[in-house]
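Now for the letters of each chain:
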Amino acid sequence: MPVEPLRLVFAGTPVFAQCALEALAQAGHEIALVLTRPDKPAARGHKLVASPVKQWATGRGLEVWQPRTLRDPEAWARLREAGADAMIVAAYGLLLPPEVLAIPPHGCLNIHASLLPRWRGAAPIQRAIEAGDARTGITIMQMDAGLDTGPMRLVRTLPIGPRDTGGTVHDALAALGAEAIVEALARLADGTLPLEPQPPEGATHAAKLTRADSPIDWHAPVRRIVDRVRAFDPVPGSTAELEHVPGTTLKVWRAAPDARPAHGATPGTVLAVGEGAVVVAAGDGAVALLELQRPGGRRLPAREFLAGFPIRVGDRLRPPAAA
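Overview of the structure. Just so we're clear, the structure is a prediction, and the values are computed from it rather than from any experiment.

Reading the values: the criteria
Residues numbered from 1 in each chain as written. Predicted model: local features only at pLDDT ≥ 70, side-chain atom pairs only at ≥ 80, totals over all residues. Heavy atoms only, no water. Helix = DSSP H or I, 4+ residues; strand = E, 2+ residues; numbered from the N terminus. Buried < 20%, exposed > 50% of the residue type's maximum accessible area, 1.4 Å probe, protein only. Contact = heavy atoms within 4.5 Å. Areas by Shrake-Rupley, 256 points an atom, 1.4 Å probe, with all protein chains shown as cover. Lys, Arg positive; Asp, Glu negative; His and termini not counted. Charge placed at Lys NZ, Arg CZ, Asp CG, Glu CD. Expected span 1.5 Å × (residues − 1). Core = buried A, V, L, I, M, F, W, Y, C linked by side-chain atoms within 4.5 Å. Axes fitted to C-alpha atoms, helices over the stretch in contact; angles between N-to-C directions. Left-handed = near helix turned anticlockwise from the far one by under 90°. Nonpolar A, V, L, I, M, F, W, Y, C, P; charged D, E, K, R; others polar.

## Some details on the overall build of the chain
So, step 1. Scanning the chain from terminus to terminus reveals 8 helices and 18 strands.
So, step 2. With respect to the three principal axes, the spread of C-alpha positions in the chain is 65 × 45 × 35 Å.
So, step 3. Considering the chain as a whole, with its 323 residues, one finds that 51% of them fall into the buried category.
So, step 4. Considering only contacts within the chain whose residues lie at least 6 apart along the sequence, 65% involve residues at least 24 apart.
So, step 5. Surface exposure of the chain reaches about 15,100 Å², of which carbon and sulfur atoms provide 54%.
So, step 6. Once the 35 positive and 33 negative side-chain charges of the chain are each reduced to a mean point, those two points are 6 Å apart.

Written as structure tokens, this is what we have:
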């Protein structure tokens with residue numbers, strides 16, 4: 001699609017945003033300034049690590065700015081100096097105040113990873129899978145002062161398959177978002193990009209992911225447990241510990257409903273071991289754990305995991321004590 005080049009400020013931080021930045025540059029747009037969050041200490045060694053957006057931008061000689069706030073006049077002045085036609089935002093991590101939203105002539109466009117107004121907020125991909133949604137998508141939104149409440153400019157839909165995870169849906173939406181923002185800017189330039197208010201009904205909030213999301217609640221329904229396991233793969237992961245081995249946190253990476261009856265067993269009780277699964281009683285049935293990881297180990301199919309970490313029928317799984 002032919003694109004009239006625009007001068008842009010881009011604001012984003014993780015890989016999801018990097019995909020969009022790369023697509024905009026390849027489409028011929030001029031990236032006047034790149035905003036990203038300050039470098040963070042890595043998990044090991046506490047060495048500062050640049051965001052994927054910063055790494056990509058600096059490798060191509062783009063100007064990068066890492067403000068800690070956009071709420072002061074000095075920040076507003078720097079954004080005005082960039083002289084951008086529009087500001088593109090994707091998983092940036094800072095709220096944009098009204099003073100920033102008003103600077104570019106075409107305003108600020110956000111690449112949001114859900115079908116708004118469903119799943120406004122920080123973790124739309126994982127919350128959609130956790131809720132058992134059959135589809136998600138990308139909404140290119142004209143930003144306003146609210147939290148993901150602005151009018152919609154472009155919507156693209158993506159089905160969520162029964163074995164999709166937070167990781168697979170993230171990667172698919174990152175690619176779809178990159179395509180969608182390039183299309184949106186082409187249509188913005190030729191005057192064919194619509195501006196539609198979000199529907200007044202159907203809004204939900206996608207709360208930020210925390211470590212408190214990880215522990216598996218074995219009293220929950222089977223479908224709820226299975227959907228949470230796939231939603232939180234790879235972040236923040238789903239965890240449990242054996243009651244007789246306290247302090248040893250196991251990660252569950254893949255699970256599925258199991259047809260065998262729980263016979264009133266206490267949720268968390270191991271019902272069967274073997275045939276490539278650890279079968280555990282849940283609130284309304286049984287869950288087959290198909291891929292697990294022990295501390296310091298790697299993700300393994302249940303059969304391989306059990307060879308080095310025995311689990312027996314009658315053992316009890318519970319949320320980790322430190323959760």
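## Examining the side chain of Lys54
So, step 1. Examined against the element boundaries, Lys54 turns out to sit in helix α2 (residues 52–58).
So, step 2. Judged by relative accessible area, which is 17%, Lys54 ranks as buried.
So, step 3. The contact partners of Lys54, leaving out residues within four places of it in the chain, are Thr36, Asp39, Val64 and Gln66.

## Some remarks on helix α1 (residues 15–26)
So, step 1. The first and last C-alpha atoms of α1 sit 16 Å apart over 12 residues, in line with the 16 Å expected at 1.5 Å per residue.
So, step 2. Looking only at α1, the buried set comprises Phe16, Ala17, Gln18, Ala20, Leu21, Ala23 and Leu24.
So, step 3. Two residues or fewer past α1, Gly28 is found with a positive phi of approximately 100 degrees.

## Considerations on the nonpolar core
So, step 1. In terms of nonpolar packing, the biggest core is built from 46 residues, with Phe10 and Ile181 touching the most fellow members.
So, step 2. In terms of residue count, the dominant contributor to this core is helix α6 (residues 166–190) (11 residues).
So, step 3. Among residues more than four places away in sequence, those in contact with Phe10 are Ala17, Ala20, Leu21, Leu24, Ile31, Leu33, Val34, Leu35, Val53, Ile88 and Ala90.
So, step 4. Among the nonpolar cores identified, the runner-up in size contains 26 residues, and Ala220, Ala302, Leu306 and Leu317 belong to it.

## Details of the packing of α1 against α6
So, step 1. Direction vectors running N to C along α1 and α6 enclose 35 degrees, while the axes themselves pass 8 Å from each other. Helix-helix and strand crossings are classified by hand; for α1 and α6 the assignment is right-handed. Where α1 abuts α6, its residues Val15, Phe16, Cys19, Ala20, Ala23 and Leu24 lie against His170, Leu173, Ala174, Ala178, Ile181, Val182 and Leu185.
So, step 2. Class assignment of the residues belonging to the contact of α1 with α6 gives a composition of 12 nonpolar, 1 polar and no charged.

## Quick notes on the environment of Phe305
So, step 1. Assignment of secondary structure puts Phe305 in helix α8 (residues 302–308).
So, step 2. Residue Phe305 is classed as buried on the basis of its relative accessible area of 2%.
So, step 3. Residues contacting Phe305, with those up to four places away along its chain left out, are Leu250, Leu292, Gln293, Arg294, Leu300 and Ile311.

## Examining the environment of Glu179
So, step 1. Checked against the element boundaries, Glu179 lands in helix α6.
So, step 2. Along the sequence, Glu179 and Gly296 sit 117 residues apart, while their C-alpha atoms lie 39 Å from each other.

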